[in-house]
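Observations on chain architecture
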Amino acid sequence: MKEIILSRKSLADSVLGMLKKGASFATLAKKYSERRWSAENGGEIGLSPIYEFGNLKDTLWKSPLGKIVGPIKIQDYYGIFKVIEKQEAHPIPFE
């Protein structure tokens, strides 16, 4: 998963427009995202259990790989997401 987290709707819309015109998600995340730890990684937040995404879990799970999702209002922020990998649930090895 990749994310860009922004505090203003107008900026989120602007960043989405740049993405639609072909701008690099990683470059925009590094420049604009307010969540510094993911911004430093080009927006990548890695694989996480889908339940960790709360109300967004169904939207993100149903999203095709590579599709931009958002901006979605999350509390006082706006998130733009890109699903880059999915894995079906599997049991954790007992060892």
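These remarks concern the structure in this document. This one's a predicted model, so the numbers in the text were calculated from it and none came from an experiment.

**Examining the side chain of E3**
With respect to the secondary-structure elements, E3 resides in strand β1 (residues 2-6). Using a relative accessible area of 2% as the deciding quantity, one classes E3 as buried. Among the polar contacts made by the side chain of E3, one reaches the side chain of R35 at a distance of 2.6 Å. Once residues within four sequence positions are removed from consideration, E3 is found in contact with F25, A29, S33, R35, S38, G43, I45, I80 and F81.

**Concerning the pattern of salt bridges**
Working definition: two side chains of opposite charge can pair if their charged atoms are close together. Under the defined criterion, the tally for this structure stands at two salt bridges. For the salt bridge of E3 with R35, the shortest nitrogen-to-oxygen distance reads 2.6 Å. Of the two residues, E3 is situated in strand β1 and R35 in the loop between α2 (25-32) and α3 (36-39); the sequence distance between them amounts to 32 residues. On the basis of relative accessible area, R35 is assigned to the partly exposed category, the value being 33%. When the shortest N-O distance is used, the salt bridge between D13 and K9 registers 2.8 Å. Within this pair, D13 and its partner K9 are both found in helix α1 (residues 9-20), separated by four residues, close to a single helical turn.

**Comments concerning the packing of α1 against α2**
Running from N to C, α1 and α2 cross one another at 155°; their axes reach a closest spacing of 10 Å. For the element pair α1 / α2, the angle class is roughly antiparallel. Read as a crossing pair, α1 and α2 show a hand that is right-handed. Residues L11, V15, M18 and L19 of α1 form the contact with α2, whose own contacting residues are F25, L28 and Y32.

**So, the pairing of strand β3 (residues 77-82)**
Looking at chain direction, β1 and β3 are connected through five bridges and run antiparallel. Directly across from E3, in β3, lies its bridge partner F81. The pairing of strand β2 (residues 68-74) with β3 spans five bridges and is classified as antiparallel. Bridge pairing in β3 links V69 to F81. Between β2 and β3, which pair antiparallel in sequence order, lie two residues; one of them, Q75, sits at a positive phi of approximately 55°.

About the thresholds
- Residues numbered from 1 in each chain as written.
- Predicted model: local features only at pLDDT ≥ 70, side-chain atom pairs only at ≥ 80, totals over all residues.
- Heavy atoms only, no water.
- Helix = DSSP H or I, 4+ residues; strand = E, 2+ residues; numbered from the N terminus.
- Buried < 20%, exposed > 50% of the residue type's maximum accessible area, 1.4 Å probe, protein only.
- Polar contact = N/O pair within 3.5 Å; in protein donor to acceptor, adjacent residues only side chain to side chain.
- Contact = heavy atoms within 4.5 Å.
- Salt bridge = Lys/Arg side-chain N within 4 Å of Asp/Glu carboxyl O.
- Axes fitted to C-alpha atoms, helices over the stretch in contact; angles between N-to-C directions.
- Parallel < 35°, antiparallel > 145°, perpendicular 65-115°, else oblique.
- Left-handed = near helix turned anticlockwise from the far one by under 90°.
- Pairing = 2+ DSSP bridges.

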